[in-house]
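Below, each chain spelled out in residue letters.
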Protein chains: 2
Amino acid sequence: MRVGSASVTARLDLDLPVPDLTAAVCDIESVSGNEKVLADAIGRALTPYPHLEVTRRGNTVIARTDLGRAERTVIAGHIDTVPVAGNLPVRRAGPMLWGRGTVDMKGGVAVALRLAAHVVAPSRDVTYVWYDNEEVESAKNGLGRLARTEPELLAGDFAILMEPTAAVVEGGCNGTLRADVIVPGRAAHSARWWMGTNAIHAAGEVLDRLRRYQPADVDVDGLVYREGLSAVGIAGGIAGNVIPDRCVISVNYRFAPSRTEAEAQAHVRGVFDGFEVVLTDSAPGARPGLNHPAAAAFVLAVGGAPRAKQGWTDVARFSALGMPALNFGPGDPQLAHHDDEQVDVREIETCEQRMRDWLTAGG
Amino acid sequence: MRVGSASVTARLDLDLPVPDLTAAVCDIESVSGNEKVLADAIGRALTPYPHLEVTRRGNTVIARTDLGRAERTVIAGHIDTVPVAGNLPVRRAGPMLWGRGTVDMKGGVAVALRLAAHVVAPSRDVTYVWYDNEEVESAKNGLGRLARTEPELLAGDFAILMEPTAAVVEGGCNGTLRADVIVPGRAAHSARWWMGTNAIHAAGEVLDRLRRYQPADVDVDGLVYREGLSAVGIAGGIAGNVIPDRCVISVNYRFAPSRTEAEAQAHVRGVFDGFEVVLTDSAPGARPGLNHPAAAAFVLAVGGAPRAKQGWTDVARFSALGMPALNFGPGDPQLAHHDDEQVDVREIETCEQRMRDWLTAGG
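Conventions used here
- Residues numbered from 1 in each chain as written.
- Chains lettered and ligands numbered in written order.
- Predicted model: local features only at pLDDT ≥ 70, side-chain atom pairs only at ≥ 80, totals over all residues.
- Heavy atoms only, no water.
- Salt bridge = Lys/Arg side-chain N within 4 Å of Asp/Glu carboxyl O.
- Helix = DSSP H or I, 4+ residues; strand = E, 2+ residues; numbered from the N terminus.
- Buried < 20%, exposed > 50% of the residue type's maximum accessible area, 1.4 Å probe, protein only.
- Pairing = 2+ DSSP bridges.
- Phe/Tyr/Trp six-rings, centres within 6.5 Å; stacked < 30°, edge-to-face > 60°.
- Lys NZ or Arg CZ within 6 Å of the ring centre and 35° of its normal.
- Axes fitted to C-alpha atoms, helices over the stretch in contact; angles between N-to-C directions.
- Left-handed = near helix turned anticlockwise from the far one by under 90°.
- Contact = heavy atoms within 4.5 Å.
- Nonpolar A, V, L, I, M, F, W, Y, C, P; charged D, E, K, R; others polar.
- Buried area = accessible area lost by both parts, 1.4 Å probe.
- Least-squares fit on C-alpha atoms with pLDDT ≥ 70 in both.
- Expected span 1.5 Å × (residues − 1).
- Arc of directions from axis to C-beta.
- Parallel < 35°, antiparallel > 145°, perpendicular 65-115°, else oblique.

### Let's talk about the pattern of salt bridges
Applying the stated criterion across every chain, the model contains 43 salt bridges over all chains. The residue A:Arg100 makes a salt bridge to A:Glu341 at a minimum N-O spacing of 2.5 Å. One end of the pair, A:Arg100, is in the loop between β5 (96-98) and α3 (106-118); the other, A:Glu341, is in the loop between β18 (325-327) and β19 (342-344), with 241 residues separating them in the sequence. Overall, A:Arg100 belongs to the buried group, its relative accessible area being 3%. When the shortest N-O distance is used, the salt bridge between B:Arg178 and B:Asp281 registers 2.5 Å. Highlighted residues: B:Arg178 in strand β9 (residues 175-184) and B:Asp281 in strand β16 (residues 276-283), separated in sequence by 103 residues. We classify B:Asp281 as partly exposed; its relative accessible area is 36%. When salt bridges with common partners are traced through the structure, they connect A:Asp208, A:Arg211, B:Asp208 and B:Arg211 into a single cluster.

Shown next, in the form of structure tokens:
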């Protein structure tokens, strides 16, 4: 299906079984920045259901129940994908659904659509959020935009982000910090190298510290977060006959959600004590919050042993709003963004069934 | 003086004292690629002298005596400069002549012009060469072009390259070799860094070897050449959230003229044993050849203690043609290419006087 012009419309039938609905959502191409047609289709599909209040903000669609329940849960997922790689329309082969978005994360989008339409009287009120621009720079992120401008639309006691976790609860997420470690030198002609100070040679000390670094495994609320400190870039050198006067090592620190950003920054400065450290980027992690009653009830309902989420995800945006949040969705995260992205549709069915059971169980 | 259009002509008066002639040569701007006006002026100035046979090749001018002497000396210098930096026309302040080219190397150009014009019956035949494009990539070098296409024009027993040496004989030159040391890794998301192998961290071993490296001081024909092995560039990293799968360290080895290029290459491969080493550039050094009778006579005539030339110069092109060659010329080489390039004109006068004495002494 080729889309993209403003006049294109697409229809989603929420009565389809969830594998077929996933395929239909995937086939509405929605690479980041091009989510309009899919957002239109979602809004149009939800409007007929009288138990939902549907709101649109840009290419983000919000649907709320308002039954006066004691608790409110937010169920969120992004509707954009990374660029298509010849893997649309989707193909079905036995239980496998193959193509862009099948893992990251249109299975989760389809599950949330089915729950919104068909769980008419959930045991806790639900705010469903389908948002745009998750796969690109953070400033464009639809969930982040709502959190900044209308946080009341995201208010709740607990949030579920339907990123692919292979249908296992993954609690919270690590924080992430990027910094440049600057190593100075003094330029000279390389034929008279002893007149200068080689910044690249001096950077060896920075790499030595990185190699010696022992990352911590940190227990937070019963889940173990694996930290890491990695060089992600290095650059130095002016010309083939010049002793370099500067070498910059870019590092990425993934830190447990028990640390604040300030603590993480102090830690990195400590590791590279004696060198100039310039912070370039930082985002806090999210505690798993599984000891919160709503989260604990969810874990109990969906079963399995929760794991720590290592990568940063949008759960941190809920955490920053003071809500416990976890990741739970169909699909093997290792296949996200791959050209052979594919999902076992039985996993999507399982997710739908477990979340439906939880939403319809006595609150 | 503004030059550059094809119709511009300039005149050089070879009867001027050498400081004034140097100033006149400097004021004919001749940044690499723009040497035509100066080459024209040199050719025109030399043509009236019946003891000289003047030849032009591109913007290189050659003038030869042909007196049937037992020996032939080549006296060579480049006529181009690095770009002007607001330092033309030249200024005179006491004994200092200030401006682009005063050091590198229009003092030497002026000395050679004066010798060519006024030493009518030298004790050894002389081939003077004023060549273009020394300050840019080697493929354009006028002396290199002659050596490849008409080496007979450069034939001789001994060569003097009039690069700035502060009027001290600098013998031969080190060779130079560049290579890339490739460090492989395996990409992974930096949130799951343990799934990958960090090429930048692994490059620490390369930097450790560079820091541990003990460069040799090598005695060649009585002069000591200081070797060096330096990183001149480093690059690695794909994105801020990816464990890099490759890091490349560019190294420059400056090696004594007693080593061949093949030996130098084997040495570098040995230092980085276990890593892929890709040769990117190599040029042999030049032995000082001061034990050659013509060179020894020159050193005796000009006086002072000869030094080893550390940087690679065009003397290596003569060495490759089987001729001993040395560097000798006015100007402090540390000031070459600087915005405040300046020379003490007494040093230019000294060079002219000593070379004239040598050329007129009993052969």
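Moving on from the model shown.
### A look at the pairing of strand β13 (residues 228-236) of chain A
Residues and elements named next belong to chain A. Counting buried positions over the nine residues of β13 gives eight, a clear majority of the element. In terms of strand pairing, β13 meets strand β15 (residues 246-255) through eight bridges, oriented antiparallel. Looking at the pairing, Gly233 lines up with Ser250 of β15.

### Focus on unusual backbone geometry
Leave glycine aside and you will find that most residues have negative phi; peptide bonds, for their part, are mostly trans. Here B:Leu88 and B:Pro89 are connected by a cis peptide whose omega angle stands at -5°. Relative to the elements of secondary structure, B:Pro89 occurs in the loop between β3 (72-78) and β4 (91-93). The amide bond that connects B:Asp104 to the next residue, B:Met105, takes the cis arrangement and shows omega of -10°. With respect to the element layout, B:Met105 can be found in the loop between β5 (96-98) and α3 (106-118). Despite not being glycine, A:Ala166 shows a phi value in the positive range, around 60°. In this model, A:Ala167 sits at a positive phi of 60°, which is unusual for a non-glycine residue. Among the structural elements, A:Ala167 can be located in the loop between β7 (158-161) and β8 (170-171).

### Re the packing of aromatic side chains
Summed over all chains, the structure comprises 14 aromatic pairs over all chains. Taken together, a centroid distance of 5.5 Å and an interplanar angle of 85° make the contact between A:Trp193 and A:Trp194 edge-to-face. A:Trp194 sits in the partly exposed class, given a relative accessible area of 27%. Joined through ring pairs, the aromatic side chains of A:Phe158, A:Phe298, A:Phe328 and A:Trp358 make up one cluster. The positively charged end of A:Arg226 is found above the aromatic ring belonging to B:Trp194, 4.3 Å away from the centroid.

### Overview of the packing of α3(B) against helix α10 (residues 345-360) of chain B
Residues and elements named next belong to chain B. In the contact formed by α3 and α10, the axes pass within 10 Å of each other and the chain directions differ by 35°. Crossing of α3 over α10 shows right-handed handedness. Across from Gly107, Val111, Arg114, Leu115 and His118 in α3, the residues of α10 making contact are Ile348, Cys351, Glu352, Met355, Arg356 and Leu359. Each residue belonging to the contact of α3 with α10 can be placed in one class, and the counts come to six nonpolar, two polar and three charged.

### Some points on the interface of chain B and chain A
Tallying the contact residues gives 44 residues for chain B and 44 residues for chain A. Between chain B and chain A, roughly 3300 Å² of surface is buried when both sides are summed, and carbon and sulfur atoms account for 58% of that area. Along the contact surface separating chain B from chain A lie two salt bridges. Residue A:Arg211 is joined to B:Asp208 by a salt bridge in which the shortest nitrogen-to-oxygen separation is 2.7 Å.

### Quick word on the relation of the copies chain B and chain A
Superposing chain B onto chain A takes a rotation of 180° plus a shift of 0.0 Å along the axis, which leaves an RMSD of 0.0 Å. The two molecules are tied by a two-fold rotation axis, judged by turn and shift. Looking at the rotation axis and the C-alpha trace of chain B, the residue lying nearest is B:Ala235, at 2.4 Å.

### Things to note about helix α10 (residues 345-360) of chain A
Side chains three or four residues apart in an α-helix point the same way, a direct result of the helix having 3.6 residues per turn. All names here are of chain A. Counted at 1.5 Å a residue, the expected span for α10 with its 16 residues is 22 Å, and the 23 Å between its end C-alpha atoms agrees. Within the sequence span of α10, burial applies to Val345, Ile348, Cys351, Glu352, Met355, Trp358 and Leu359. The buried residues of α10 all sit within an arc of 155° when viewed along its axis, so they share a single face.

### Focus on the sheet that holds β19(A)
Residues and elements named next belong to chain A. Judged by pairing direction, the sheet is antiparallel, and its three strands sit side by side in the order β4-β5-β19 without closing on themselves. A single partner strand is all that each edge strand has here, and the edge strands are β4 (91-93) and β19. Neighbour-to-neighbour, the strand axes of the sheet open up by a mean angle of 20°, direction not taken into account. In this sheet, β19 lies alongside β5 in antiparallel orientation, the contact comprising three bridges. If you follow Leu97 over to β19, its bridge partner there is Val343. The sheet contacts of α10 involve β4, β5 and β19, and relative to β19 the element is tilted by about 60°.

### Some thoughts on the sheet that holds β15(A)
Two strands in a sheet stick together by hydrogen bonds in their backbones, pointing the same way (parallel) or opposite ways (antiparallel). Judged by pairing direction, the sheet is antiparallel, and its eight strands sit side by side in the order β16(A)-β9(A)-β15(A)-β13(A)-β13(B)-β15(B)-β9(B)-β16(B) without closing on themselves. Of all strands in the sheet, those bounded by a partner on one side alone are β16 (276-283) of chain A together with β16 of chain B. Sheet twist, expressed as the average angle between the axes of neighbouring strands with direction ignored, equals 25°. The sheet contact formed by β9(B) and strand β15 (residues 246-255) of chain B spans 10 bridges and is antiparallel.

### Some details on the packing of helix α8 (residues 293-302) of chain A against α10(A)
All names here are of chain A. Relative orientation of the contacting elements α8 and α10 amounts to 130°, with a least axis distance of 9 Å. The orientation of α8 with respect to α10, classified from their angle, is oblique. Along this stretch, α8 crosses α10, giving a crossing that reads as right-handed. The residues of α10 that touch α8, namely those facing Ala294, Ala297, Phe298, Ala301 and Val302, are Arg354, Met355 and Trp358. Of the residues assigned to the contact of α8 with α10, the class counts are seven nonpolar, no polar and one charged.

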